[in-house]
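# Analysis of the macromolecular model
For reference, the chains in residue letters:
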Amino acid sequence: MNTENSPPANRGLLEVERLYLNMGPQHPSTHGVLRIGLVIEGERIVDAEPDVGYLHRSIEKIAEKRTYLQFIPLTDRLDYVAAMSNNFAYVLAVESLLEIEVPRRAQYIRVIMAELQRIASHLVWMGAFTNDLGAATPLLYGFREREDILDLYEMTCGARLTYNYYRFGGVSRDIPTGFVPGAKKFISGFWKKVDEYEELLTENEIFLKRTKGVGVLSREDAISYAVSGPMLRASGVKWDLRKDRPYSVYPEFAFDVPTGETGDCWDRYKVRIEEMRQSRRILEQALDGIPEGEILPPKLPRTIRPKKGEAYGSVEAPRGELGFYVVSDGGTNPVRLKIRPPCFVNLGSLAAMVHNCLIADLVAILGSIDIVLGEVDR
Amino acid sequence: MASALIQRLPYPAQLLVFILFSSVAVLGFIVVMALFMIWFERKIIGHLQSRIGPLHVGKYFGWAQPIADTLKLFLKEDIVPRNADKVIFTIAPVVAFVSSFMAYVTIPFAKNLVAKDINMGILYIFAVSSFATIGIFMGGWASNNKYSLLGAMRVAAQIVSYEVPLLLSVLGVAMLAETLSLTRIVEAQRNTWYVFYQPVGFFIYFTAGVAEVNRLPFDIPEAEAELVAGFHTEYSGLKWAFFFLSEYANMFIISAVATVLFLGGWLGPFLPGLIWFLLKAFFLMFIMVWVRGTYPRLRVDQMMGFCWKFLLPLAFLNIILTGLIMVLAG
């Protein structure tokens, strides 16, 4: 970063000295593995450049050295706040190569897990975002409800963070007896919880002051930066893969796609809050209509050998479009695997949003992007 | 018998004994109050935020939490950054603490329970508690860390700014009581507390007071999400504890002075004066903790705007109105 590009501001008699500030990687708001190089004048940001790579694990290369099935647990480690969604996108890509049909019960289970994951992920986001603004209480509230979802996951697959649950053609095991009543109980109480978050934040004067008009990403910029997910929708673009490029059994459910108007931190907050409500609607319908039947196709080979070709599978993950591009040469492992992570792409728009804002705003903007560095660095 | 012995001593020795006795008493009170506040704050925040730990440590009412917190602080490694200004870095927490310590001298905890009742009590408290700014700024400056430097500059800006409405808000009370002595201000409220005559003044005082002690939503100098921890980023263990001891001590000063100026100090039926005083002061501290559990942090420019564009004009308006009413009412 060149700090000499433009001269320091000259305000009357005082010439302001520019300071280069490393924000992160050891900084509470940059999640420990993101560095942002800041050029600041006082507390005003002149330039900000995200520097990623502190968590790089060569996961795409590892995929080429493992069988298709062996890679599923590694997708959990990409976005560890939405591991189910990562399972989902990857198996969709490989299933597209295999040309297999997924049983309806498994389709429903997948949607239920993905929507629970969206709520859990948005809860973590809400907590982290508001904590960045100095409010610790919503963080604890978010984690309180997330615990209920993790209990449901644990009941189903034995894990609370990295689930390794989806399989090519279905899911690894059926949902246990207590799952549907447990999930219904959770979502029936969740209305009130979302109202509680709104009461604490939406009507909070300071929260409004900290988010409205901060970090505006215009509709045009959002499209040109290929931003996706709640960030894109907050900028007023009604684009949701579940509606616009449907997959699994999503077309069977009625739900709305919330959008914002100005694309500021406030809109991103409102869109995610509303998305939690919409996920709850989907869950209600899916839990009521879950069919009986198999959870895996009857004839599935033990060793997966997709035919030669390439496929792209993507889902509307909590943070946006998550895609896996898989190339097969007919062998037992992919010859090339490329991941399209929403976080990495969304983070690219940071510099467009932070110019001339204050350090406190940068923290709010970064929080509103909802980054998970495991996905950014891969 | 002890007092008879002391009276036989020459005057300088008497003074020394008095200073020693007052210092030990004030220090003892601050330490006990800080321990209680750790428990009080952790417990209230625990309820507000559905935290389980602080409610149960030690089985009953989370009583072991302050002990656990204190032990942890004692065991932490004492770190001084290599290129820090070591002398200033070391004495900064003490400077911050001493200013709070000195302010306790004039607080009337009950009738005849005040170390030194001086006729300029309010001015003395505001004057000595301003020293805390210097201590905090020294700590931030000496740390050789850009985040600490930013935090230190914020401290100077914040405390110096909020001092103005804080002082102005007190003028209404001084005009009504026609004295600056804290004891006499309390006695002047024997019939009606000044919070009923000066609600605006109380609001300004308490808001500016919260800002003076760097509590949420004004904890902008430390702002862990933005400046890591601002002026005390590099502090650990006991040095860090001293900063927080002075924060709790200052919280109590703000609440105690509010009690004296607006809530009738030690006055109240049935219970002893000291109990009334502490109840009122801790109620105000409870509000500070409650606000901490509810609000996010303001941005630095919003905080300054709030001070200069809202609180300050309001404080002037309050003085003018008070004066007008006093003149009209004869």
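Residues numbered from 1 in each chain as written. Chains lettered and ligands numbered in written order. Predicted model: local features only at pLDDT ≥ 70, side-chain atom pairs only at ≥ 80, totals over all residues. Heavy atoms only, no water.

## Quick look at the packing of aromatic side chains
Residue and element names in this part refer to chain B.
- The tally for this structure, following the rule as stated, stands at 43 aromatic pairs over all chains.
- Each ring, one from Phe36 and one from Phe282, has its centre 5.1 Å from the other, and the planes form 85 degrees; the classification is edge-to-face. Separated by 246 residues along the polypeptide, Phe36 in helix 2 (residues 11-48) and Phe282 in helix 14 (residues 273-294) bring together distant segments of the chain.
- Where Phe137 meets Trp141, the ring centres are 6.2 Å apart and the plane angle is 15 degrees; that geometry is what we call stacked. Separated by four residues within a single helix, Phe137 and Trp141 lie in helix 7 (residues 131-142), roughly one turn from each other.
- Owing to a relative accessible area of 29%, Phe137 belongs among the partly exposed residues under this scheme.
- Taking the relative accessible area as the measure of exposure, Trp141 reaches 56% and is therefore exposed.
- Through pairs of rings, three or more aromatic residues link up here, namely Phe29, Phe36, Trp39, Phe40, Tyr104, Phe109, Phe252, Phe277 and Phe282. (Phe/Tyr/Trp six-rings, centres within 6.5 Å; stacked < 30°, edge-to-face > 60°. Helix = DSSP H or I, 4+ residues; strand = E, 2+ residues; numbered from the N terminus. Buried < 20%, exposed > 50% of the residue type's maximum accessible area, 1.4 Å probe, protein only.)

## Examining the sheet that holds strand 10 (residues 336-340) of chain A
All names here are of chain A.
- On the basis of which strands lie adjacent, the open sheet formed by three strands has the order 8-9-10 and antiparallel pairing. The open sheet has two edge strands, strand 8 (309-317) and strand 10, and neither has a second partner. In this sheet, adjacent strand axes meet at a mean angle of 10 degrees when their direction is disregarded.
- Relative to strand 9 (residues 320-328), strand 8 is paired through nine bridges, and the arrangement is antiparallel. Its bridge partner being in strand 9, Glu310 is matched across the sheet by Val327.
- Each of strand 8, strand 9 and strand 10 touches helix 3 (residues 83-98); the most contacted strand, strand 8, lies at about 150 degrees to it. (Pairing = 2+ DSSP bridges. Axes fitted to C-alpha atoms, helices over the stretch in contact; angles between N-to-C directions. Contact = heavy atoms within 4.5 Å.)

## Looking at the sheet that holds strand 4 (residues 35-41) of chain A
All names here are of chain A.
- The sheet built from three strands is open, its strands ordered 3-4-5 with antiparallel pairing. Of all strands in the sheet, those bounded by a partner on one side alone are strand 3 (18-23) and strand 5 (44-51). Mean inter-strand twist for the sheet, computed between neighbouring axes without regard to direction, equals 20 degrees.
- As paired strands, strand 4 and strand 5 are joined by seven bridges and run antiparallel to one another.

## Notes on the nonpolar core
- Counting 122 residues, the largest nonpolar core has A:Tyr165, A:Phe179 and A:Phe324 as the members making the most contacts within it.
- Counting residues in hydrophobic clusters, the runner-up holds 75 residues, among them B:Met37, B:Val128, B:Phe252 and B:Met303. (Core = buried A, V, L, I, M, F, W, Y, C linked by side-chain atoms within 4.5 Å.)

## Things to note about the environment of B:Gly209
Residue and element names in this part refer to chain B.
- Mapping Gly209 onto the fold places it in helix 11 (residues 199-212).
- Residue classification places Gly209 among the buried residues on the basis of a relative accessible area of 0%.
- Separated by 109 residues in the primary sequence, Gly209 and Ser100 have C-alpha atoms spaced 14 Å apart.
- Here Gly209 is in contact with Leu166 and Ile254, once residues within four sequence places are set aside.

## Re the packing of helix 13 (residues 237-262) of chain B against helix 14 of chain B
Residues and elements named next belong to chain B.
- Their axes nearest at 8 Å, the elements helix 13 and helix 14 cross at an angle of 120 degrees. The pairing of helix 13 with helix 14 is recorded here as oblique in orientation. Crossing of helix 13 over helix 14 shows right-handed handedness. Facing helix 13, whose interface residues are Tyr248, Met251, Phe252, Ile254, Ser255, Ala256, Ala258, Thr259 and Val260, helix 14 presents Phe277, Leu278, Lys280, Ala281, Phe282, Leu284, Met285 and Met288. (Parallel < 35°, antiparallel > 145°, perpendicular 65-115°, else oblique. Left-handed = near helix turned anticlockwise from the far one by under 90°.)

## Brief notes about the pattern of salt bridges
Residue and element names in this part refer to chain A.
- Tallied over the entire structure, the rule returns 46 salt bridges over all chains.
- Note that Lys61 is salt-bridged to Glu64, the shortest N-O span being 3.3 Å. Here Lys61 and its partner Glu64 are both found in helix 1 (residues 59-64), three residues apart, which amounts to about one turn of the helix.
- Among the ionic pairs, Glu198 bridges to Lys270, the shortest N-O distance being 3.4 Å. Remark: Lys270 occurs in helix 11 (residues 265-289) and Glu198 occurs in helix 6 (residues 179-201); sequence separation between them is 72 residues. (Salt bridge = Lys/Arg side-chain N within 4 Å of Asp/Glu carboxyl O.)

Everything listed here is a matter of geometry and, on its own, says nothing about what the molecule does.
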